[in-house]
Amino acid sequence: MDKITSQTINFLRFPLIICVVSIHTVFIVPGNLRGYEVFKYILGCFTGLAVPMFFIISSFLFFYDMKEFDTQKWCVKLKKRIRTLLMPYLFWNLCYLLFMLIVQLSFPNIVWERKLIYNYSFFELINSFWNFGGMYYGMPILYSFWFIRNLMVLNLFAPIFYFFLKKTPVISIVICLIFFIFNPFNFTATNMDWIKSILFYSIGAFCAIHAIDFTDSRNLFYPFSIFFILSVVLAYFTPNFIRFCWSQILLIFGSFSIPTIIRRGILSKKIQVNKFLVASSFFVYAFHLFIIIPFNRLWTTILPINSWIASIMLIVVPVFVVFISVCIYYLLKVYFPKFTELIIGGR
């Protein structure tokens, strides 16, 4: 792989994880804070790029050296993903299950929205690790890990993706685009997550199979970037359905614009890859949900609630949560290096 492409992908990991943390920064505030709602929407146009870009990166790397499909190579890659995806997936979901159990037992007077874990049946306990639907809206109990769950499933179907993207790439991508942009069958949010997963996984796989560097869309950079910036500003004020379709298109444009910007920064040596922050990315991704909810809730009891404060806290809370997570990662890395390597998939 081209060195600059590799550096671009590595650099993107940490900022994209910050975006994921920002997505989970959810406040309970009055509904009449118009300035806050506009700022949240604009911020969401950027943070929403995280999951699509992670799917593109993951599938691009999975298919990168598969000019012709090789079953043996596919099996080797799947075996590697047992360590990098499956083992951390099981470990962190188990930790969050135990964490939630301890919290619920420690605060019995709180009214919980969902069924208490100590009342789960054996099947519900097992299902909480996967959960295609039901208790957690189709997500595993550590709900940020729906991305890893979907990614593991899609990797199992890599031969099918390869066949269609090699033989009928345009038709395959267009069909996915239609479902993703227009949602013609009114899929639920959970089902749309699967549509999103399939589309952006397909885009990354397509780029790898046909030797297209998704970080280097120079010819499309300016039109993509101009469209993205204008749309971020204007789309909020359009009718709901148009806004939805427009937002979906933005995810596609942004997923190619941002890597190109980073690539240019690396080529000009204006930005450099911080290996420690890159290494900490998975830990931040896995750990942040353990601590973010108190920060989401407590500031409203301390600070005045208005559009300015709420908008500022949309930035402050994720930055603070990421900072704490990185510090904990550093301590674990120093004192328990082998354990830390194991729980983040050997990264």
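Summarised in this report is the structure supplied together with it. (Residues numbered from 1 in each chain as written. Predicted model: local features only at pLDDT ≥ 70, side-chain atom pairs only at ≥ 80, totals over all residues. Heavy atoms only, no water.)

Broken down by element type, the chain carries 15 helices and zero strands. In terms of overall dimensions, the chain has C-alpha extents of about 60 × 45 × 45 Å along its principal axes. Per-residue burial over the chain gives 48% buried out of 347 residues. Relative to all contacts within the chain whose residues are 6 or more apart in sequence, the contacts with residues 24 or more apart total 78%. Summed over all atoms, the accessible surface of the chain reaches about 18,000 Å², with 72% contributed by carbon and sulfur. (Helix = DSSP H or I, 4+ residues; strand = E, 2+ residues; numbered from the N terminus. Buried < 20%, exposed > 50% of the residue type's maximum accessible area, 1.4 Å probe, protein only. Contact = heavy atoms within 4.5 Å. Areas by Shrake-Rupley, 256 points an atom, 1.4 Å probe, with all protein chains shown as cover.)

A surface patch of nonpolar side chains, about 610 Å² in accessible area, is lined by Phe39, Ile312, Ile315, Val316, Val319, Phe320 and Phe323. Residue contributions to the nonpolar patch peak at six residues, all from helix α14 (residues 307-335). Inspection of the secondary structure puts phenylalanine 320 in helix α14. Look at phenylalanine 320 and you get partly exposed, because its relative accessible area is 40%. (Patch = residues over 30% accessible without salt bridge, like charges linked within 9 Å, V, L, I, M, F, W, Y side chains within 5 Å. Salt bridge = Lys/Arg side-chain N within 4 Å of Asp/Glu carboxyl O.)

In this section: the pattern of salt bridges. As a working rule, side chains carrying opposite charge can pair if their charged atoms are close by. One pass over the full model with this rule turns up six salt bridges. Lysine 77 is the salt-bridge partner of aspartate 65, the closest N and O atoms lying 3.2 Å from each other. Highlighted residues: aspartate 65 in the loop between α3 (50-63) and α4 (71-106) and lysine 77 in helix α4, separated in sequence by twelve residues. Judged by its relative accessible area of 39%, aspartate 65 falls in the partly exposed class. Judged by relative accessible area, lysine 77 falls into the buried class, the value being 11%. With a closest N to O distance of 3.2 Å, aspartate 213 and arginine 263 form a salt bridge. Taken together, the residues span a long stretch of sequence, with aspartate 213 in the loop between α9 (189-209) and α10 (218-234) and arginine 263 in helix α11 (residues 240-267) at a distance of 50 residues. Shared partners join several salt bridges into a network, and the residues in it are Asp2, Asp213, Asp216 and Arg263.

This part covers the nonpolar core. Counting 93 residues, the largest nonpolar core has Phe63 and Trp92 as its most contacted members. Apart from residues no more than four positions distant in its own chain, phenylalanine 63 is found in contact with Ala158, Phe161, Tyr162, Tyr201, Ala205, Ala208 and Ile209. (Core = buried A, V, L, I, M, F, W, Y, C linked by side-chain atoms within 4.5 Å.)

This part is about the state of the cysteines. In protein chemistry, a disulfide is the covalent bond that joins the sulfur atoms of two cysteines. For the coordinates displayed, the defined rule picks out zero disulfides. Residue cysteine 19 stays outside any disulfide, its sulfur separated by 12 Å from that of cysteine 45, the closest cysteine. Overall, the relative accessible area of 17% leaves cysteine 19 in the buried class. In this model cysteine 327 remains outside any disulfide bridge; the closest cysteine sulfur is found in cysteine 19, 20 Å from its own. (Disulfide = S-S within 2.5 Å.)

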